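What follows is each chain in one-letter form.
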Amino acid sequence: MLAYLEHFVHENDAESRQDDDVATLSKALELQASVEEFGPTGVAGKDFGGIKSVKPLALIRPSAAADVARVVKHAAASSSLTVAARGNGHSINGQAMAEQGLVLDMRAIQDPFEILWIEGSPYVDVSGGALWEDVLKRCVSEFGLAPRSWTDYLSLTVGGTLSYAGVSGQTFRYGPQTSNVTELEVVTGKGDTLCCSQTENSELFFGALGGLGQFGIITRARVVLQEAPDMVRWIRVVYSEFEEYARDAESLVEEYCFDYVEGFVLVNSDNRANGWPTVPLGPEQVFDPTHIPFTAGPVLYCLELALHYRNADHPSRVDTDVDGLLGRLRFIQGLKFQVDVTYMEFLLRVKRVEEHAKGNGTWDAPHPWLNLFVSKSHIVDFDREVFKKILKDGVDGPILVYPLLRNKWDSRHSVVVPDSDMFYIVALLRFTPPPPKGPAAELLVAQNNEIIEFCTSRSLDFKLYFPHYQSREDWIKHFGNQWARFAERKANFDPMAILAPGQKIFSRTSQPQPPSIT
């Protein structure tokens, strides 16, 4: 049974009253409804981006996939209701919202956590609403196992990241999280609950992975596991020239030398939010700027690496392995930082960022983030015009940039990436204080648009990650030659466009529509 439904409707406000669809839905689902006055702070009408807010009709907390299916079926029987699945609310542009529609709080689903061994290999079945952080803790502490591919921040839901891709420093080795799932349970826009894999309901399986929630709501996933290491040697080294930074980063992801490869841009100053102080890994470590060449420009580049090892490994062997690998790199001598931490501590490292941001008030401020995939062939141009000019003063948060391998991505999935064999993820993760301490969010959005306009005007091979567009034409451009497949999948699995209305790709219809391919 559904846990409950909260109406965001003023009982005495005629304009906010809905038609009989809502009353019929509530009665048919036998919900114990509670009425809540909806405002800008309502959980279902806002997200981490803090830029957009809408007024949903109701927030529903399902207890199982069957509840999700019942809600979708009743929405389909109405004339206009839509349904949005909300994980932990970390979308940026309202993608998990449903204006005057139904929002499903997927965190409410508490399906059993089950470790499976299939043909000698371990897997875990988890709810689509489970947090990756909880998956990590249970897998490691109880079984000594762990998923292979992660996101940097782990307080995200399994279904949420699988609906995009799920990218981090392990992606070069194992692919995104979407490439590390073998089975899904999905509730389609028709209200059907289907188990799918590469061999069963395969079109839905491939479509749902990276599908932006357009074809179904992921209620369960079977995730590939591997033996978890005990310890991690965590390393940061600094470069003054982007070409040298990129050359080393690309060689490391091609040779699989380390278990984790990421990197970021920092301002060449003592700026505490974006500069030298962001590099050291411990309070006892000091960034000495006298090592920086006088030829360095307004920004520097930090390569971030990790090597896994076990408690039984002798420290001298770890030192020898790391020194041998680092000896081939061309970073600035004197600007190397490293620490040894447990595997759990390393994967939960962003928790400290969250705690700090909550302490200084930037966690709840608007986050006009921008995430892109940029082809290797154009990343130097991007560096010259964006990092060194538009963003030379930083973004009050991390500016990630590191390479990924195209062959680790399954082209049958819905997510689209640049055409080149290697491309970079660029992520502007702003933690800007709200006005008057910081600039207005509108100015930061304008800066994001300036970057996108540069990429477009120069014909760079790039794609938005966490895409957000206002028109069908822009979405068609985004998907390119994959648009016809995307539209056909929509027609097959959500023909009335009930699901994920916040993405603004398709409009709700009262009758099934044929796919639009132009």
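Residues numbered from 1 in each chain as written. Predicted model: local features only at pLDDT ≥ 70, side-chain atom pairs only at ≥ 80, totals over all residues. Heavy atoms only, no water.

What about the side chain of R236?
(1) Moving on: Here R236 shows up in strand β12 (residues 231-239).
(2) Moving on: Polar contacts involving the side chain of R236 include one to the main-chain carbonyl oxygen of T278, which spans 3.0 Å.
(3) Moving on: Looking at R236, its side chain comes within polar contact range of the main-chain oxygen of V279, at 3.0 Å.
(4) Moving on: When near neighbours in sequence (up to four residues on either side) are disregarded, R236 contacts F264, T278, V279, P280, L281, C302, L303, E304, L335, K336 and F337. (Helix = DSSP H or I, 4+ residues; strand = E, 2+ residues; numbered from the N terminus. Polar contact = N/O pair within 3.5 Å; in protein donor to acceptor, adjacent residues only side chain to side chain. Contact = heavy atoms within 4.5 Å.)

Some details on the state of the cysteines
(1) Moving on: For the structure on display, the rule yields 0 disulfides.
(2) Moving on: In this structure C139 is a free cysteine whose sulfur lies 19 Å from that of C195, the closest cysteine sulfur available.
(3) Moving on: Free of any disulfide, C302 has its nearest cysteine sulfur in C257, 18 Å distant.
(4) Moving on: Owing to a relative accessible area of 0%, C302 belongs among the buried residues under this scheme. (Disulfide = S-S within 2.5 Å. Buried < 20%, exposed > 50% of the residue type's maximum accessible area, 1.4 Å probe, protein only.)

Let's talk about the UniProt feature "domain: FAD-binding PCMH-type" (unreviewed entry) in the chain
(1) Moving on: In the UniProt entry, the feature "domain: FAD-binding PCMH-type" (unreviewed entry) is given for residues 52-228.
(2) Moving on: Note that residues 52-228 is 23% helix and 29% strand, and that its end C-alpha atoms are spaced 39 Å apart. (UniProt positions renumbered as here; feature names shortened; annotations may be inferred.)

Focus: the confidence of the model for the chain
(1) Moving on: When pLDDT is averaged across the chain, the result is 92; 91% of the residues are at 70 or more.
(2) Moving on: Scored below 50 in pLDDT, residues 9-21 makes 19 contacts in the model with residues more than four places away or belonging to other chains.
(3) Moving on: Scored below 50 in pLDDT, residues 31-41 shows 27 contacts in the model against residues more than four places distant or in partner chains. (pLDDT = per-residue confidence, 0-100.)

Notes on the domain arrangement of the chain
(1) Moving on: By domain assignment, the chain separates into domain 1 (114-227) and domain 2 (231-464).
(2) Moving on: For domain 1 versus domain 2, the separation of C-alpha centres amounts to 25 Å.
(3) Moving on: The interface of domain 1 with domain 2 comprises 32 residues on the first partner and 33 residues on the second.
(4) Moving on: Interface area, domain 1 with domain 2, both sides summed: about 2700 Å², of which 60% is carbon and sulfur.
(5) Moving on: The partner of R310 in a salt bridge is E227, and the shortest N-O contact between them spans 3.7 Å.
(6) Moving on: Joining domain 1 to domain 2, the criterion identifies 15 residue pairs in polar contact (both at pLDDT 80 or more).
(7) Moving on: Mapped by element, the contributors of at least two residues to the side of domain 1 that touches domain 2 are α3 (132-143), β8 (145-147), α5 (171-174) and α6 (202-208).
(8) Moving on: Split by residue class, the side of domain 1 that touches domain 2 holds 15 nonpolar, 12 polar and 5 charged. (Domains from an automatic or database assignment. Buried area = accessible area lost by both parts, 1.4 Å probe. Salt bridge = Lys/Arg side-chain N within 4 Å of Asp/Glu carboxyl O. Nonpolar A, V, L, I, M, F, W, Y, C, P; charged D, E, K, R; others polar.)

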